[in-house]
Amino acid sequence: DASVYFMSDLPAHVEARGQWSQDAPSVSGRVRLGRMRIAGTEKVVEVSGLDLDLPFDLAWGPASAAGARTLSGREQEGSARFEHLAVMGLDVPASATALRIRADTVELKEGLAVPLLAGVVGLTQLRLIDLLRPTRRAESAILLSGVSLALASRAFELPPLSGTADAHFPRVAMSMDA
């Protein structure tokens, strides 16, 4: 059993404890970020003022004949907050939410309503699944209410549109598959 603390000079703090064995390695701990700014090199996504409290508990089972291991962990609670988020040039106002974490899956404990394009985009049942495995994906239900098509067409450089969009997508899934 060992504890590791590092990155003390950054707006991040990571604590980890683990046990190593051939049959059942495990690690648990917590990642905390304070007022961090993260931006991709392509400027597709940029977040600033990010506060994250992300506990983790990961336990791998014995390897199967094919070499794959199961992954489990106790359910934990964390939180996420940001001051500003830009996705593909669209500004998302400050928001905060509680998180539920089990093994390598993180989900919003409650729905999140984000004012966007003069309307509201609601995310419910948002889950980031299998984050440490090749099967990683995101799933959510999405609700659009009163979203301005004129603003959306300008933001995405589409031909001019008018009116508003209201829609409900009960299950939207995104994965890394080509």
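Residues numbered from 1 in each chain as written. Predicted model: local features only at pLDDT ≥ 70, side-chain atom pairs only at ≥ 80, totals over all residues. Heavy atoms only, no water.

Trainee: Help me understand the overall build of the protein in this model?
Mentor: The number of helices and strands found in the protein is 1 helix and 14 strands. Considering only C-alpha atoms, the protein reaches an extent of 60 × 40 × 30 Å along its principal axes. Within the protein, the fraction of its 178 residues that count as buried is 31%. The contacts of the protein with a sequence gap of at least 6 include a subset with a gap of at least 24, amounting to 41%. As presented, the protein carries roughly 11,300 Å² of accessible surface, and 59% of it is formed by carbon and sulfur atoms. (Helix = DSSP H or I, 4+ residues; strand = E, 2+ residues; numbered from the N terminus. Buried < 20%, exposed > 50% of the residue type's maximum accessible area, 1.4 Å probe, protein only. Contact = heavy atoms within 4.5 Å. Areas by Shrake-Rupley, 256 points an atom, 1.4 Å probe, with all protein chains shown as cover.)

Trainee: I keep staring at the pairing of strand E9 (residues 95-102) and nothing clicks. Help me out?
Mentor: Burial along E9 is one-sided: Ser 95, Thr 97, Leu 99 and Ile 101 are buried, while Ala 96, Ala 98, Arg 100 and Arg 102, pointing the other way, are not. Relative to E9, strand E6 (residues 75-82) runs antiparallel, the two sharing 8 bridges. Within E9, the residue paired with Gly 78 across the bridge is Leu 99. Of the pairings in the sheet, the one linking E9 to strand E10 (residues 105-108) comprises 4 bridges and is antiparallel in character. Looking at E10, one finds that Arg 100 is bridged to Glu 107. Between E9 and E10, which pair antiparallel one after the other, the connecting turn spans 2 residues, and Ala 103 there sits at a positive phi close to 55 degrees. (Pairing = 2+ DSSP bridges.)

These figures capture arrangement, not role.
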